[in-house]
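The chain contents come next:
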Amino acid sequence: MLKISSLLLAGLLVGANALAADSAPSAPATTPATPSTDIEAQLAVARQKLEAAARDVAQLSSQLGQSAMARVQIMSTRAVLGLQLQVDPSSKEQGATIMGVSPGGPAAEAGLVTGDVIVALNGEATTGPNAPRQVVERMASVKPDSKVTVKVMRDGKLKEFQVTPRARVADFFRAFNDPGPGGPGAPNPRFLDAFAIGPRDGVGAMFDGMELADLSPGLGQYFGTGKGVLVVRVPHDGEFLKLQDGDVIQSIDGRTPENSSHATRILRSYQAGETIHLKVMRQKKPLELVDTLPQHRRAGGPGPGPGPGARPPGDRPPGDPDPQ
Amino acid sequence: MRSAVLLPTVNAEDWLTEHPRQALVKVPAQMAVTELEDQIATIDDQLNAERLESAQAKQLTLLQRDRAQLVESLAQVRYAQNLISGMP
């Protein structure tokens, strides 16, 4: 916490100093306090800078992650639970001990925590010193987006969790593994666009300005549906998908978003040229919306377009690769 | 319970655990967050496989280093998200 705070605080201070320099007062020091509207404007600018800095951190980290994925060579599983298992042949634990959960991963979202001991997976016991291997081997036959029942021992009591594993990133990389204009080794702009963290003229830019909210039971009652995610703000490009504020997205090409983050994962998986089918609830009435992501163009030349191995538009078997 | 190589990211992981994602998300920013989350989960899966199959110290160290950097970045981006939305 301290490290994060200090790093961001340092960035904020730099930003604040820059703001102060930009708006150095020419009036005497006895001038009354800056009007609140000015402060609000400065705050808006500071937030924009912070957002841009966060985007830079995400983009650079993701590029780093692409290098890391090159080390992902043992394809033992296709769907990941998002946890690390303790591998200790001399362990006396009666199962596979979780030594860490991936932040924001499937296991974490389901409620599994460090220290839990997995004693069964989908009803099959995982026991003895080979328990970690049993977990990994059984996950090899699990498909992303399927439900996995994980039984654990926690504080001497048995607990059961439903985990929805996600596709490994390597699966995404295989779908995007044609070299971009930058050549081998350079970040593939098609990949970055798909994840909306590259230059803001790609596919991800189509979702700029869009805000989604989880649908609580109370909100669901108000909007006339118990499932989906609420569109709080439509994308800046209001023509794209023709969504309206207050729409509830109930399915995206047949997949039901469980929450706003899940909806984002699904949207993240689309490429330029692909068609999106939405089922929404608008003013308590069902409606279907269809639109196609544009083939973007980059400054200085045509866009990369579909490369070898790219899926044709619409060729997306549900769950393969799945954006869960 | 955590291994020594995980220690550099403990603070970031603790912060992430204590601050679950918000119900309201800006889609482009959340796309970046989910990308980082998925990369971390993939590395964790790979770490399991490495420990079971070979446990080569160099490979484990590289993966742990990659993971630590991604976790740190995820925490920073999430922290910025919270600041921007007024809920640090």
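Heads up: the structure comes first, above all this text.
It should be emphasised that the depicted structure is a prediction, and the values quoted were computed from it without experimental measurement.

Quick look at the overall build of chain B
- Regarding its fold elements, chain B presents 3 helices and 1 strand.
- For chain B, the N- to C-terminal ordering of α and β elements is α-β-α-α.
- For chain B, with 88 residues in total, the buried portion stands at 53%.
- In chain B, once contacts between residues fewer than 6 apart in sequence are set aside, the share between residues at least 24 apart is 77%.

Let's talk about the interface of chain B and chain A
- Counting residues at the interface gives 58 residues for chain B, matched by 64 residues for chain A.
- Those elements that provide at least two residues to the side of chain B that touches chain A are α1 (10-18), β1 (24-26), α2 (27-53) and α3 (57-84) of chain B.
- With 26 residues, the single largest contributor to the side of chain B that touches chain A is α2 of chain B.
- Broken down by class, the residue content of the side of chain B that touches chain A amounts to 31 nonpolar, 13 polar and 14 charged.
- Here strand β9 (residues 211-214) of chain A runs beside β1 of chain B; their pairing, made up of 3 bridges, is antiparallel. Across the sheet, the residue bridging to A213 of chain A is L24 of chain B, located in β1 of chain B.

What to know about the nonpolar core
- L74 and V77 of chain B are the most contacted members of the largest nonpolar core, which has 75 residues in total.
- Examining the composition of this core, we find that 10 residues originate from one element, α2 of chain B, more than from any other.
- Not counting residues up to four positions away in its chain, the partners in contact with L74 of chain B are P103 of chain A together with L16, V33, L36, E37 and I40 of chain B.

Some details on unusual backbone geometry
Residue and element names in this part refer to chain A.
- Not every positive phi belongs to a glycine, and Q283 is a case in point at roughly 50°.
- Its place among the elements puts Q283 in the loop between β12 (275-282) and β13 (285-292).
- On the neighbour-count criterion, Q283 (10 C-beta atoms within 10 Å) is exposed.
- The phi torsion at K284 lies on the positive side, around 65°, for a residue other than glycine.
- Relative to the assigned elements, K284 resides in the loop between β12 and β13.

Rules behind the numbers
Residues numbered from 1 in each chain as written. Chains lettered and ligands numbered in written order. Predicted model: local features only at pLDDT ≥ 70, side-chain atom pairs only at ≥ 80, totals over all residues. Helix = DSSP H or I, 4+ residues; strand = E, 2+ residues; numbered from the N terminus. Buried ≥ 20, exposed ≤ 12 C-beta atoms within 10 Å, placed from the backbone. Contact = placed C-beta atoms within 7 Å. Nonpolar A, V, L, I, M, F, W, Y, C, P; charged D, E, K, R; others polar. Pairing = 2+ DSSP bridges. Core = buried A, V, L, I, M, F, W, Y, C linked by C-beta atoms within 7 Å.

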